[in-house]
Number of protein chains: 2
Amino acid sequence: MNGAESLLASLAAGGVEVCFMNPGTTEIHLVEALDRVPGLRGVGCLFEGVASGAADGYARMTGKPACTLFHLGPGLSNALANLHNACRARVPVVNIVGDHATFHLPFDPPLASDIEGIARPFSKWLRSSGTAGAVGRDGMEALAAAQAAPGRITTLVVPSDVAWGEGAGIATPLPVPRAPLPSQSLIEEAAQLLRNGARTGIVLGSHTTQGSALTAAGRIAAVTGAKLLAPFAFARMERGACRPPVERIPYITEQALAQLAEFRQLILVGASEPVAFFGHPTKPSRLAPDGCKIFTLTAPEEDGAGALALLADALDAENTNPLLQRAEAVEAPRGAITLDGIAKAVASVLPEGAIVVDESITSGRGMMAATRAAPPHDYLVNTGGSIGLGTPLAIGAAIAAPDRPVLCLEGDGSFMYTLQALWTAARENLAITTIVFANRIYGILKSELAALGTNPGPRAVESLDIAPPVIDFVVLSESLGVPAIRVTTLEDFASAMRRGMESRKPNLVEVAL
Amino acid sequence: MNGAESLLASLAAGGVEVCFMNPGTTEIHLVEALDRVPGLRGVGCLFEGVASGAADGYARMTGKPACTLFHLGPGLSNALANLHNACRARVPVVNIVGDHATFHLPFDPPLASDIEGIARPFSKWLRSSGTAGAVGRDGMEALAAAQAAPGRITTLVVPSDVAWGEGAGIATPLPVPRAPLPSQSLIEEAAQLLRNGARTGIVLGSHTTQGSALTAAGRIAAVTGAKLLAPFAFARMERGACRPPVERIPYITEQALAQLAEFRQLILVGASEPVAFFGHPTKPSRLAPDGCKIFTLTAPEEDGAGALALLADALDAENTNPLLQRAEAVEAPRGAITLDGIAKAVASVLPEGAIVVDESITSGRGMMAATRAAPPHDYLVNTGGSIGLGTPLAIGAAIAAPDRPVLCLEGDGSFMYTLQALWTAARENLAITTIVFANRIYGILKSELAALGTNPGPRAVESLDIAPPVIDFVVLSESLGVPAIRVTTLEDFASAMRRGMESRKPNLVEVAL
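Treat the numbers as computed from the prediction; the structure is a model and nothing was measured.

Asker: In this structure, what is going on with the interface of chain B and chain A? I would like to understand it.
Answerer: Counting from both sides, the interface comprises 95 residues of chain B and, opposite them, 95 residues of chain A. Together chain B and chain A conceal approximately 7,700 Å² of surface at their shared face, both sides included; 64% is due to carbon and sulfur atoms. Looking at the side of chain B facing chain A, the largest losses of area belong to Pro110(B), Tyr417(B) and Arg459(B), adding up to 9% of the total buried there. The tally of links from chain B across to chain A stands at 2 salt bridges. Notably, a salt bridge pairs Arg88(A) with Asp108(B), separated by 2.7 Å at the nearest N-O pair. When residues in the side of chain B that touches chain A are grouped by element, the largest group, 8 residues, is from helix H4 (residues 72-89) of chain B.

Structure, rendered in structure tokens:
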């Protein structure tokens, strides 16, 4: 067993099931080892940003790390933007980056680069493996470090002679430290705040908008009247009918200020104090009203689900029915395309169990409100603000949950960043319906430019257009193996989305705006 | 004049004419300033890797830096892979990266990242601008640092409050230090080597395969019989009929060893000792034969052109006619597509003054040999081995030299990395003919896998395929606004290439392999 096989077999023994990859020559022994590690599924991507975003989506849906396989510093570089988003999603990912053979590196060949320097800004754990005998163990350490709560990006650099050298077999899985609970006195303090009569919001960060954490939060809301909130950039929210309703803090600063104005107390569970997405010359950075008490129940690295359960206990809410969203059927709208109409149409069609990936930026502003009472579904958004995450996230989610249909809502500007993901969707025959909102502009920038109040000149305005040329997203999608359709009415949109999601195959709908 | 305008107007005053950009909200004041700096042309790109690769191509053709405009750490991250290639090409580029307002950054909003950490591995000069009053001067320093021989990547981080604050007008351009010449004794030593009768190769790196440097090298070759060589990864070569012939050192280690076997002396001009592209378990890293004397005439930072002129003087060759390639007409081949036939067809059609960008990897192995005696043209290749450079490089070359047709030779795997470049080609109506060699595999990896001699399994072999799905490059190109055609015979290829290059518009030819 060479180092490559020792590493991959060790990761598989540690529970890693998927490797999102775009390998190169320095990784060829790792590619070759794939056939000898049957528990590890290799998923090919034509661009590394697809692989890193897919690993994020996979982790959001499973709570488990996938590994990735990248080609030296430049391959890793292409993955970084979506690793930034994955860092902000606080998910586990184990990156494997091939490097030149150790004896070759001193000659500074063309592909040599400072891989550790490139990895460092987005890696919480980082190592260059020194020997083939140690690389399996290194992989296990990377895996354990990635799984430390709430989830971390780790990067293991594997020189090619470490991959081809004689390995030491399958390493022993390492224990993952449990996330600590807050002290009982902190729980009591939170309970007292929730009983003091002041209007309170509970901001649910770091994977507490799902599972038992969300249920506990719903119980707390039911007995205290506190409102459940989520940061604008959250990783995954279980929502819809029969789920505790959680309000997302809006992107638009004025809207966020208005939403939070009522609160005298904010309890943070694995979240930071709400702040604006960008700083602005005249708008505040902090979104909570003056005098609002900010109380941190748990840091992101602590056990938010456990803390919420203890808090529910402290409030005698452990047997209360959680506050739940009532189901509301939404009538399918008809007529000309409007953003409001599209959001309603999505709500009218969305099947139970769907996974929604929303990177529709300006076009999707009303989407979460419209779908709040749709059948239960998961909602994933861009956590780090680096666009080009949506289609990769959908890949990862679809591979993580093959029995669930994925709806990927994409702005055209975002879509063009990582459109190579369509090819992987076709190759793996994934149940992803991608909706492209073709408004032909970087709409968010257009609004920012207008907000300057400076009467911007034509070159500035044009520089934010995504046309001309007018991209034909239908033809583009089909060229990559994904059937597509363009719709110009709401009824056509709804039926295209329904057919697409029922097909359980990759498909794309261009919404002409 | 705000900081944004002060910065851009200063760069324009310093000679910067083009800004390749994919901006975001933190750069919105820089976008807005474009209209007030008429000397600076903004070229929009749908992905940052297109912008950084285009800046490389522009610099290779003009010797001058373009600037780029990127959105925080993630936008810069997307640019890194082609900045790696630009580092290896030793070209000047001035990156401008917008950051959060300084007062907003402490709140750690979603897009906050360690921009300096991300920039450092690929930046020879790096600064975060502290005030609007200083940012113009910072830009001038970045520009001067970029222009220091032979050309460097510099990165200036501009917080948005620095962009919108009151600037200090147009800064004074700073002097660029001249590249030093080697000592006269080193020139004499080189001249003695060239006279000692031992078989000698002169390896021309760092921009010495063009202009006066190449002419001087041709004179030296004429009087000494030395052979002119270029590293496999060179930035730009002026070649073809009536140009001094320079032999590229091959990628394949065995071929490189065979090529260099005859030499007893290698004189390096801005180049490193020839080494293999990758290390290998049983093949050598160093390519020169045992006992071959390696003599460094100039380091990359020194004046290679000046050194070659002095060396020609020392050899009394300053008035000699340089060794020149004889023109040879190549008959257009006919019949079924072969790689050899395609290379001949390119040679038969290539117009005088063409700029060839070659990222055809395995499919283009015979291209340089076939075109060695074609009408004079420039040849640009991938310098850092990070694929996805070709189409962006073509963008930059076409903008740098609008009167010259660009031929961009692309492997399908490489093409898929930065296909967004087609959109910019269409938007700017650039005279680029892109040839996609559609062999549907990462051919270079397939051969590496086969070379392991381990009888690789089906999953490994399949993981290197780029089909299924079969990408339709014609449809893909047209969806992005670039007319395209698929050819299945050599005569159709030649006529499609001729028509494409004569059209002086963007177009694409898919070569079905």
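Right, picking up where we left off after that structure.
Asker: Please clarify how the relation of the copies chain B and chain A should be interpreted in this entry.
Answerer: With an axial shift of 0.0 Å and an RMSD of 0.0 Å, the rotation relating chain B to chain A amounts to 180°. As the rotation angle and translation indicate, the two copies are arranged about a two-fold axis. When C-alpha distances to the rotation axis are compared across chain B, the minimum falls at Leu476(B), with a value of 2.5 Å. By residue overlap, the copies meet face to face through one surface: 100% of the interface positions of chain B are interface positions in chain A.

Asker: It is not clear to me how the side chain of Thr208(B) should be interpreted in this structure. Could you clarify?
Answerer: For Thr208(B), the position within the fold is in the loop between strand E7 (200-204) and helix H9 (211-224). What Thr208(B) contacts, discounting residues up to four positions off in sequence, is Ala213(B), Leu214(B), Val269(B), Gly304(B), Ala305(B) and Leu308(B).

Asker: Help me understand the nonpolar core in this model?
Answerer: Considering soluble globular proteins, one finds that nonpolar side chains tend to be buried as a cluster. With 216 residues, the main nonpolar core has Phe20(A) and Phe20(B) as its most contacted residues. In this structure Phe20(B) touches Val43(B), Ala51(B), Ala54(B), Ala55(B), Tyr58(B), Ala66(B), Cys67(B), Thr68(B), Leu69(B), Ile395(B), Gly396(B) and Ile399(B), once residues within four positions along its chain are discounted.

Asker: In this structure, what is going on with the sheet that holds strand E2 (residues 41-44) of chain A? I would like to understand it.
Answerer: Two modes of strand pairing occur in sheets, parallel and antiparallel, and in both the strands are linked by backbone hydrogen bonds. All names here are of chain A. As summarised here, the arrangement of the 6 strands in space is E2-E1-E3-E4-E6-E5, forming an open sheet in which the pairing is parallel. Each edge of the open sheet carries a strand with a single partner, namely E2 and strand E5 (125-128). Between one strand axis and the next, the sheet turns by 20° as a mean value, whatever way the strands run. Here 6 bridges tie strand E3 (residues 66-71) to strand E4 (residues 93-99), and the two strands are oriented parallel to one another. Opposite Ala-66, over in E4, you have Val-93 as the bridge partner. The sheet contacts of helix H6 (residues 135-147) involve E4, E5 and strand E6 (153-159), and relative to E6 the element is tilted by about 165°. Strands in contact with helix H14 (residues 390-400) are strand E1 (18-21) and E2; relative to E1, the strand with the most contacts, it is inclined by about 155°.

Asker: For this particular structure, what's the right way to read the packing of aromatic side chains?
Answerer: Tallied over the entire structure, the rule returns 17 aromatic pairs over all chains. Ring geometry for Phe103(A) versus Trp164(A): centroids 6.2 Å apart, planes at 55°, classification tilted. Taken as a pair, Phe103(A) in the loop between E4 and helix H5 (115-119) and Trp164(A) in helix H7 (residues 160-164) lie far apart in primary sequence, 61 residues in all. Here Phe277(A) and Phe278(A) contribute two aromatic rings whose centre-to-centre distance is 5.3 Å and whose plane-to-plane angle is 70°, an arrangement assigned as edge-to-face. A residue is classified by how much of its surface remains accessible, and Phe277(A), at 10% relative accessible area, is buried. An aromatic cluster of three or more residues is present, and its members are Phe47(A), Tyr417(A), Phe47(B) and Tyr417(B). The residue whose ring lies beneath Arg239(A) is Tyr379(A), and the NZ or CZ to ring-centre distance is 5.0 Å. Directly above the ring of Phe232(B) sits Arg248(B), whose terminal nitrogen or CZ lies 4.0 Å from the centroid.

Cut-off values and rules
- Residues numbered from 1 in each chain as written.
- Chains lettered and ligands numbered in written order.
- Predicted model: local features only at pLDDT ≥ 70, side-chain atom pairs only at ≥ 80, totals over all residues.
- Heavy atoms only, no water.
- Contact = heavy atoms within 4.5 Å.
- Buried area = accessible area lost by both parts, 1.4 Å probe.
- Salt bridge = Lys/Arg side-chain N within 4 Å of Asp/Glu carboxyl O.
- Helix = DSSP H or I, 4+ residues; strand = E, 2+ residues; numbered from the N terminus.
- Least-squares fit on C-alpha atoms with pLDDT ≥ 70 in both.
- Core = buried A, V, L, I, M, F, W, Y, C linked by side-chain atoms within 4.5 Å.
- Buried < 20%, exposed > 50% of the residue type's maximum accessible area, 1.4 Å probe, protein only.
- Pairing = 2+ DSSP bridges.
- Axes fitted to C-alpha atoms, helices over the stretch in contact; angles between N-to-C directions.
- Phe/Tyr/Trp six-rings, centres within 6.5 Å; stacked < 30°, edge-to-face > 60°.
- Lys NZ or Arg CZ within 6 Å of the ring centre and 35° of its normal.

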